[in-house]
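# Observations on the model geometry
Here's the letter readout for the chains.
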Amino acid sequence: MGTTDNIWVCYIAYVLFRGFYQFLVPIATFQIASSLTKELCALVFGINTFLGTILKSIINLIFSDKRGLALDVHSQFLVYFIYFTILTVVYFICAAVVLIRHFRNQPRGGGGADEQTAPTELSPVAANSEAEPLSNGKSAKA
């Protein structure tokens with residue numbers, strides 16, 4: 001988008017970028033929220049939003065404000081591109097580390113769904129044996 005003068009290419013690229021963003025953020029939010037309690041959800045997402053707003057304000061003050069660098073639009077776009085590229089690389093590296101740790105913790109020897117387990121052998125219960133009482137105090141023998 002930063003290298004073209006065609007406005008339609010910019011619009012299409014922006015719609016694609018924003019579409020991916022709007023698609024992936026709720027998935028990531030759900031993944032995070034599913035591992036938290038209700039009390040922690042508000043705290044985590046509140047702090048996340050607060051820190052995001054502070055970071056956005058700092059970036060705006062540095063790059064677009066007249067008291068800062070007062071960059072033109074094209075230069076600001078380049079700064080945001082570099083910022084998002086660095087974030088993307090960091091997230092991909094973190095995802096690779098998580099995947100590597102996951103596969104290192106897998107049991108060795110080719111186990112998994114392909115390997116069949118030995119069947120469990122049940123022993124018959126004699127009809128005249130005394131049945132043990134259940135946790136509710138009743139007998140399992142009918």
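First, a word on what this report is: a plain description of the structure on this page. Because the structure is a prediction, the values reported are computed rather than measured.

A positive phi angle, near 50 degrees, is found at Ala 70, a position not held by glycine. With respect to the helices and strands, Ala 70 occurs in the loop between helix H2 (38-63) and helix H3 (73-104). Residue classification places Ala 70 among the partly exposed residues on the basis of a relative accessible area of 40%.

A few words on the packing of helix H1 (residues 7-34) against H2. At a minimum axis separation of 10 Å, H1 and H2 run at an interaxial angle of 140 degrees. Classified by the interaxial angle, the pair formed by H1 and H2 is oblique. Handedness of the crossing formed by H1 with H2: right-handed. Contacts between H1 and H2 involve Thr 29, Ile 32 and Ala 33 from the former and Cys 41, Val 44 and Phe 45 from the latter. A class-by-class count of the residues in the contact of H1 with H2 yields five nonpolar, one polar and no charged.

Any aromatic ring pair is given by two values, namely how distant the centres are and how the planes are angled relative to each other. Considering all chains together, one arrives at three aromatic pairs under this definition. Summarising the aromatic geometry, the rings of Phe 17 and Phe 84 are spaced 5.7 Å apart at their centres and angled 65 degrees between planes, so their arrangement reads as edge-to-face. Taken together, the residues span a long stretch of sequence, with Phe 17 in helix H1 and Phe 84 in helix H3 at a distance of 67 residues. Phe 84 sits in the partly exposed class, given a relative accessible area of 38%. Members of the aromatic cluster, joined through ring pairs, are Phe 17, Tyr 83 and Phe 84.

All right, on to the pattern of salt bridges then. A side chain with one charge can pair with a side chain of the opposite charge if their charged atoms come near. For the coordinates displayed, the defined rule picks out one salt bridge. Among the salt bridges present, the one from Arg 67 reaches Asp 65, with a minimum N-O distance of 2.8 Å. Judged by its relative accessible area of 22%, Asp 65 falls in the partly exposed class.

A word on the packing of H2 against H3. Relative orientation of the contacting elements H2 and H3 amounts to 140 degrees, with a least axis distance of 11 Å. Seen from above, H2 lies across H3 with right-handed handedness. On H3, the residues touching Leu 55, Ile 59, Asn 60 and Phe 63 of H2 are Gln 76, Val 79, Tyr 80 and Tyr 83. Looking at the contact of H2 with H3 residue by residue, the classes come out as six nonpolar, two polar and no charged.

Residues Met 1, Tyr 14, Val 15, Phe 17, Phe 77, Leu 78, Phe 81, Ile 82, Phe 84, Ile 86 and Val 90 make up a contiguous nonpolar surface patch of roughly 1100 Å² in combined accessible area. The leading source of residues in the nonpolar patch is H3, at seven residues. Mapped onto the secondary structure, Leu 78 falls in helix H3.

The rules behind these values
- Position labels on residues start from 1 in each chain and follow its written sequence.
- Only residues with pLDDT of at least 70 get local features here, since the model is predicted, and only at 80 or more are side-chain atom pairs given and counted; chain-wide, interface and lining totals rely on the full set of residues.
- As a convention, hydrogens and water are excluded, and side-chain values are obtained from all of the structure's heavy atoms.
- We count a stretch as a helix when DSSP gives it H or I for four or more residues in a row; a strand needs E for two or more, and each element gets its number in order from the N terminus.
- In this scheme, a residue with accessible area under 20% of its type's maximum is buried, one over 50% is exposed, and one in between is partly exposed, where area comes from a 1.4 Å probe on protein chains only.
- Angles run from 0 to 180 degrees between N-to-C directions of axes, and those axes are lines fitted to C-alpha atoms, restricted for helices to the stretch in contact.
- Oblique is the label for every angle not falling under 35 degrees (roughly parallel), over 145 degrees (roughly antiparallel), or within 65 to 115 degrees (roughly perpendicular).
- By definition, turning the near helix anticlockwise from the far helix through less than a right angle yields a left-handed crossing, and turning it clockwise yields a right-handed one.
- We call two residues in contact when some of their heavy atoms are within 4.5 Å.
- Asp, Glu, Lys and Arg are counted as charged, while Ala, Val, Leu, Ile, Met, Phe, Trp, Tyr, Cys and Pro are counted as nonpolar; the rest, among them Gly, fall into the polar class.
- Between 30 and 60 degrees the pair is tilted, below 30 it is stacked and above 60 it is edge-to-face, where a pair is any two Phe, Tyr or Trp rings, Trp via its six-membered ring, whose centres lie within 6.5 Å.
- A pair is scored as a salt bridge if a Lys or Arg side-chain nitrogen falls within 4 Å of a carboxyl oxygen belonging to Asp or Glu.
- Exposure above 30% relative accessible area and no salt bridge define the residues that can form patches, which grow by joining like charges within 9 Å and nonpolar side chains of Val, Leu, Ile, Met, Phe, Trp and Tyr within 5 Å.
- All accessibility values rest on the Shrake-Rupley procedure with a 1.4 Å probe; residue burial counts only the protein chains present in the view.

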